[in-house]
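Examining the three-dimensional arrangement
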Amino acid sequence: AKRQTLMRIAATILFNEMRRIWMQPLVWIVLGLTFIVIALLFLVLLNNFYLDIQVKFAGNDNAPGVTDSVFHPMLFWSSIIGALMMPIFTLRIVTEEKIRRQDILLTSAPIKCTTIITTKLLAIVSVAAAFALLNLIFPLTMSTIVNLDWGKIAAGIIGMLLFQASYAAICVWIATLTQNIMFTLLSCLGMFLLSFILFYSATSKESASNLFLYISSFSHLLSPLSGLITSTDIFYFIIVILLFSTLSIIHLRFKRD
């Protein structure tokens with residue numbers, strides 16, 4: 001009975017967090033704007049394929065298809081855009097709650113810190129899942145006229161979700177440390193840029209580094225986008241999510257005590 005009660009409380013908190021995100025116009029405005037940006041990107045890539053790539057590789061049996069030439073780069077940029085949305089929703093359900101002092105009521109309740117952090121992270125990841133579904137609209141419309149490699153597209157969508165979920169976990173951890181909006185945004189952006197710098201440094205000929213390549217989340221995003229899902233990439237994202245979620249839980253417990 002106690003376990004059922006705790007599960008019911010966790011479900012109630014998750015529903016409340018989801019409601020705080022999806023009942024506000026912010027999420028719909030952000031998703032709408034990003035959808036327009038990705039639609040324009042899709043049209044540019046498609047136009048480039050038909051006017052340039054298709055002509056250049058005409059008659060070549062190993063010519064790249066629509067999946068590799070259009071949807072591979074589209075999903076890459078969509079992953080970056082989706083990740084950059086995560087701090088916005090983190091501010092909505094973490095920082096704004098701290099500014100309004102609503103977190104005091106939640107942390108003082110007989111609820112595990114693990115439940116609080118997990119429900120907040122799941123609420124943010126739900127936006128990433130909706131964003132991934134929006135990206136599927138484009139290959140679905142193209143599937144009526146061309147043959148697509150749905151295995152690569154599915155792998156790319158999975159990689160996109162894991163990439164955004166790992167970054168969301170980092171943003172939640174940063175948001176638990178402070179209630180300053182500007183500090184939270186700059187810190188989240190700084191972590192994103194740090195990952196990109198590590199990847200850029202690791203792939204350059206002058207300073208190639210396998211360690212930097214493994215630490216950077218970008219290197220683990222490119223494999224699923226190319227249609228290859230490895231256990232190394234999956235474990236990496238899971239480790240990042242668990243690590244920063246644990247840090248958030250520890251900080252929350254420290255504040256409670």
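Read on for an overview of the structure. Keep in mind that this is a model prediction, so the values were computed, not measured. (Residues numbered from 1 in each chain as written. Predicted model: local features only at pLDDT ≥ 70, side-chain atom pairs only at ≥ 80, totals over all residues. Heavy atoms only, no water.)

**Here's the deal with the packing of aromatic side chains**
Taken as a whole and judged by the stated rule, the model has 15 aromatic pairs. Considering the side-chain rings of Phe76 and Trp77, the 5.4 Å spacing of their centres and the 75° angle between planes classify their relative orientation as edge-to-face. Under the relative-accessibility criterion, Trp77 is labelled partly exposed at 44%. By way of ring pairs, the aromatic residues Phe163, Tyr167, Phe192, Phe196, Phe199, Tyr200 and Phe218 are connected into one cluster. (Phe/Tyr/Trp six-rings, centres within 6.5 Å; stacked < 30°, edge-to-face > 60°. Buried < 20%, exposed > 50% of the residue type's maximum accessible area, 1.4 Å probe, protein only.)

**Comments concerning helix H7 (residues 150-177)**
For H7, built from 28 residues, the straight-helix expectation of 40 Å at 1.5 Å per residue is met to within 8% by its first-to-last C-alpha distance of 41 Å. At the N-terminal boundary of H7, the capping side chain belongs to Asp149, with an oxygen 3.2 Å from the backbone nitrogen of Gly151. (Helix = DSSP H or I, 4+ residues; strand = E, 2+ residues; numbered from the N terminus. Expected span 1.5 Å × (residues − 1). Polar contact = N/O pair within 3.5 Å; in protein donor to acceptor, adjacent residues only side chain to side chain.)

**With respect to the packing of helix H3 (residues 66-99) against helix H5 (residues 113-135)**
Remark: H3 packs on H5, axes separated minimally by 9 Å, with the N-to-C direction vectors making an angle of 150°. One way to sum up the angle between H3 and H5 is to call them roughly antiparallel. Classified by chirality, the crossing of H5 by H3 is right-handed. Of the residues in H5, those touching H3 at Met74, Leu75, Ser78, Ile81, Gly82, Met85, Met86, Phe89, Thr90, Ile93, Val94 and Glu97 are Lys120, Ala123, Ile124, Val127, Ala128, Phe131 and Asn135. (Axes fitted to C-alpha atoms, helices over the stretch in contact; angles between N-to-C directions. Parallel < 35°, antiparallel > 145°, perpendicular 65-115°, else oblique. Left-handed = near helix turned anticlockwise from the far one by under 90°. Contact = heavy atoms within 4.5 Å.)

**Comments concerning the packing of H5 against H7**
Packing of H5 against H7 brings their axes to within 9 Å, and their N-to-C directions diverge by 145°. Helix-helix and strand crossings are classified by hand; for H5 and H7 the assignment is right-handed. Touching Ile117, Leu121, Ile124, Val125, Ala128, Ala129, Phe131, Ala132 and Asn135 of H5 are Ile157, Met160, Leu161, Gln164, Ala165, Ala168, Ala169, Val172 and Thr176, all from H7. Split by residue class, the contact of H5 with H7 holds 15 nonpolar, three polar and no charged. (Nonpolar A, V, L, I, M, F, W, Y, C, P; charged D, E, K, R; others polar.)

**Description of the pattern of salt bridges**
With the rule as written, the count across this model stands at three salt bridges. Among the salt bridges present, the one from Glu17 reaches Arg20, with a minimum N-O distance of 3.4 Å. Remark: Arg20 and Glu17 occur in helix H1 (residues 2-22); sequence separation between them is three residues, near one turn of the helix. For the pair Glu17 and Arg20, a shared accessibility class is recorded, and that class is buried. (Salt bridge = Lys/Arg side-chain N within 4 Å of Asp/Glu carboxyl O.)

**Notes on the nonpolar core**
Formed by 66 residues in total, the largest nonpolar core has its most connected members in Ile21 and Phe71. By residue number, the principal contributor to this core is H7, which donates 13 residues. In contact with Ile21, other than residues within four places in its own chain, are Val27, Phe89, Ile93, Ala123, Ile124 and Val127. (Core = buried A, V, L, I, M, F, W, Y, C linked by side-chain atoms within 4.5 Å.)

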